[in-house]
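Results of the structural survey
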Amino acid sequence: MACNMRADLLISQICPTSGHVSVKRRIGNASVVRAVVVDHNPLVKNIIGSTSSLIMRRPILPKPQLVEETDNERKGCKGKFGRFGGKFVPETLISCLSNLEAEFNLVLHDAQFQAELATALRDYVGRETPLYFAERLTNHYKKNNNGEGPEIYLKREDLNHGGAHKINNAIAQAMIAKRLGRKSIVAATGAGQHGVATAAACAKLSLQCRIFMGTKDMEKQSSNLVLMKLLGAEVKPVDGNFKEATSDAFREWIENLESSYYLTGTVVGPHPCPSMVREFQSVIGKETRRQAMDKWGGKPDVLVACVGSGSNALGLFHEFIKEKDVRLIGVEAGGLGLESDKHSATLAKGNVGVYHGTMSYLLQDEEGQIIRPHSVGVGLEYPAVGPELSFLKDTGRAEYYSVTDKEALNACQMLCRLEGIIPSLEASHALAFLNKLCPTLPTGTKVVVNCSGRGDKDAEMILNHKYYPMEKQFPASQNS
């Protein structure tokens, strides 16, 4: 890709009250505030240099409304999902992203690439993952509802190599990087699962690997930090958490466009990044459809997944978006409560803005400044959400709710004791919503919960958490 010019990181936000777009460009250790004029087409059309804020024309943003999605919107044609998505990046990156999009479109129809990916997913990742009937968990909710309630199934992404759904995308993108002749991979991670998956994929394909991780997350997820290093990755500490790590990883990539590849782990960022990750994670939903047909001869009635930035949710949902009789439920991190400002519930409390190259819902204040997210599930601590999930909110196709840290910890301990499965704290948010969902569903309803990762990395935190002495909540002798 012919990208020889150096570019600075572009981060822009739309103020929810004024509609102004602010842009920060990092030059050395200083930040220079710049202004952007945004027309109704959400591409950056003009970057005006200045050392002070400028008055800007308000961007034209259509009001949210319930609309029928078109095939182009559903597929993210040209990176747009309704008003969401796009490429909010310096001009230097446009050709690079366009070349990446062209390569992505090629591999989608390249029989050799698809065969190699299928082999890697089967023999290396360990697919397909089971669709597991959680009998004791099902009986627990029926017991608390006079014998009535749904049948609960878990899509066991926690059984993948690396312990989470992240490897589905990491191995595919690492293969693309290899095709493009890149020698070095750059990535950012929060809970560490994407970091482990990327490090593993790079080791397999003989690629150099540099992972950016927030110092706060490194303290909380020390086991994954060790795994990344064992797999040969260089882990670069960044002051802060996943938000700051992503910014630094993006900056590192921009400075080495000719030799490095930015391997995004979730459905955010400029096009084609969200569509690529969604496509490679859609194997989750495709398997779920086949497995449901084998097990009960039909489709699931309800799909439930946790939502941080959105990759595991879209991986499960995408196959069923056109199936209007299948409910899609995303569960965000309510942290200490939605009114506490200590949460990561972007879709519940956010406003539309631009961050890390794409337009979506953001957690931001009245001045358009990012609000630091919080969750006991470190992988959910991101202030934005993918553009397609934002679109699914505006169209009403998906439902979004939130659960607190406390509820997620309880759900994690419950699954440990009832099913002998240790879910990640991120996946535990989806499981926690069953407390509210199950009493509303008739007997026989088939519910699939995406168990997107395993909780080895969280075990110490769960055991030592002050809110829930495990033995009091779920003694080992309890029967359902």
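Scroll up for the structure.
Residues numbered from 1 in each chain as written. Predicted model: local features only at pLDDT ≥ 70, side-chain atom pairs only at ≥ 80, totals over all residues. Heavy atoms only, no water.

A few words on the sheet that holds strand 10 (residues 208-214). One open sheet holds the four strands; their spatial order is 11-10-9-12, and the pairing between them is parallel. Of all the strands in the sheet, just strand 11 (234-238) and strand 12 (260-262) have a single pairing partner and so form its edges. Each neighbouring strand pair of the sheet contributes to a mean axis angle of 25°, computed without reference to strand direction. Of the pairings in the sheet, the one linking strand 10 to strand 11 comprises five bridges and is parallel in character. Bridge pairing links Met213 to Pro237 in strand 11. (Pairing = 2+ DSSP bridges. Helix = DSSP H or I, 4+ residues; strand = E, 2+ residues; numbered from the N terminus. Axes fitted to C-alpha atoms, helices over the stretch in contact; angles between N-to-C directions.)

On the basis of which strands lie adjacent, the open sheet formed by six strands has the order 7-8-18-13-14-17 and mixed pairing. A single partner strand is all that each edge strand has here, and the edge strands are strand 7 (131-133) and strand 17 (398-404). Each strand axis lies, on average, 30° off the axis of its neighbour in the sheet, ignoring direction. Both strand 14 (residues 327-335) and strand 17 contribute to a ladder of seven bridges, which runs parallel. Residue pairing across strands places Ala333 opposite Val403, the latter belonging to strand 17. The strands that helix 11 (residues 283-296) touches are strand 7, strand 8 (151-156) and strand 18 (446-451); relative to strand 8, the one it contacts most, it runs at about 140°. (Contact = heavy atoms within 4.5 Å.)

So, about the packing of helix 2 (residues 91-108) against helix 10 (residues 273-281). Running from N to C, helix 2 and helix 10 cross one another at 20°; their axes reach a closest spacing of 11 Å. The pairing of helix 2 with helix 10 is recorded here as roughly parallel in orientation. With respect to the hand of their crossing, helix 2 and helix 10 are arranged in left-handed fashion. Between helix 2, through Leu100, Phe104 and Leu108, and helix 10, the contact on the second element is made entirely by Ser275, Met276, Glu279 and Phe280. Considering only residue class, the contact of helix 2 with helix 10 consists of five nonpolar, one polar and one charged. (Parallel < 35°, antiparallel > 145°, perpendicular 65-115°, else oblique. Left-handed = near helix turned anticlockwise from the far one by under 90°. Nonpolar A, V, L, I, M, F, W, Y, C, P; charged D, E, K, R; others polar.)

Formed by 37 residues in total, the largest nonpolar core has its most connected members in Leu117, Ile171, Ile176 and Tyr261. Looking at this core, the elements with two or more residues in it are helix 2, helix 3 (111-125), helix 5 (166-179), strand 9 (184-189), helix 6 (193-205), strand 10, helix 8 (222-230) and helix 10. Ranked by residues supplied to this core, first place goes to helix 5 with eight residues. With residues up to four places along the chain from it excluded, the contact list for Ile176 reads Leu100, Glu103, Val107, Phe113, Tyr261, Met276 and Phe280. (Core = buried A, V, L, I, M, F, W, Y, C linked by side-chain atoms within 4.5 Å. Buried < 20%, exposed > 50% of the residue type's maximum accessible area, 1.4 Å probe, protein only.)

Following the criterion strictly, the structure yields 10 aromatic pairs and no others. Arranged with centres 5.5 Å apart and planes meeting at 50°, the rings of Phe250 and Trp253 form a pair that is tilted. Linking Phe250 with Trp253, this pair stays in helix 9 (residues 242-254), spanning three residues, or about one helical turn. Accessibility classification places Phe250 together with Trp253 in one group, the buried group. Among the aromatic residues, those joined into a cluster by ring pairs are Phe133, Tyr153 and Trp296. The ring of Tyr132 carries Arg156 above its face, with NZ or CZ at 5.9 Å from the centroid. Over the ring of Tyr361 we find Lys393; its NZ or CZ atom is 4.7 Å from the centre of that ring. (Phe/Tyr/Trp six-rings, centres within 6.5 Å; stacked < 30°, edge-to-face > 60°. Lys NZ or Arg CZ within 6 Å of the ring centre and 35° of its normal.)

Now for the side chain of Lys243. Take Lys243: it is sitting in helix 9. When its relative accessible area of 15% is taken as the criterion, Lys243 is described as buried. The contact partners of Lys243, leaving out residues within four places of it in the chain, are Tyr355, His356, Ile370 and Pro383.

Glancing now at the pattern of salt bridges. Opposite charge on two side chains permits pairing when their charged atoms draw close. Summed over the entire model, instances satisfying the criterion amount to 28 salt bridges. With a shortest N-O distance of 3.4 Å, Glu339 and Lys349 are connected by a salt bridge. With Glu339 in the loop between strand 14 and helix 13 (346-349) and Lys349 in helix 13, this residue pair connects regions lying 10 residues apart in the sequence. Taking the relative accessible area as the measure of exposure, Glu339 reaches 70% and is therefore exposed. Judged by relative accessible area, Lys349 falls into the partly exposed class, the value being 37%. Each of the salt bridges in this network shares a partner with another, and the network as a whole consists of Arg289, Lys299, Glu319, Glu323 and Asp325. (Salt bridge = Lys/Arg side-chain N within 4 Å of Asp/Glu carboxyl O.)

As a further point, take helix 15 (residues 405-419). Here helix 15 contains 15 residues, and its C-alpha end-to-end distance of 21 Å stays within 8% of the 21 Å for a straight helix at 1.5 Å per residue. All of the buried residues along helix 15 are Asp405, Ala408, Leu409, Ala411, Cys412, Gln413, Met414, Leu415, Cys416, Leu418 and Glu419. (Expected span 1.5 Å × (residues − 1).)

What follows concerns helix 14 (residues 387-395). Among the nine residues in helix 14, eight count as buried, and that is most of the element. Residues of helix 14 that are buried include every one of Pro387, Glu388, Leu389, Ser390, Phe391, Leu392, Asp394 and Thr395, and no others. Trailing helix 14 by a residue or two, Gly396 shows a phi angle of about 80°, which is positive.

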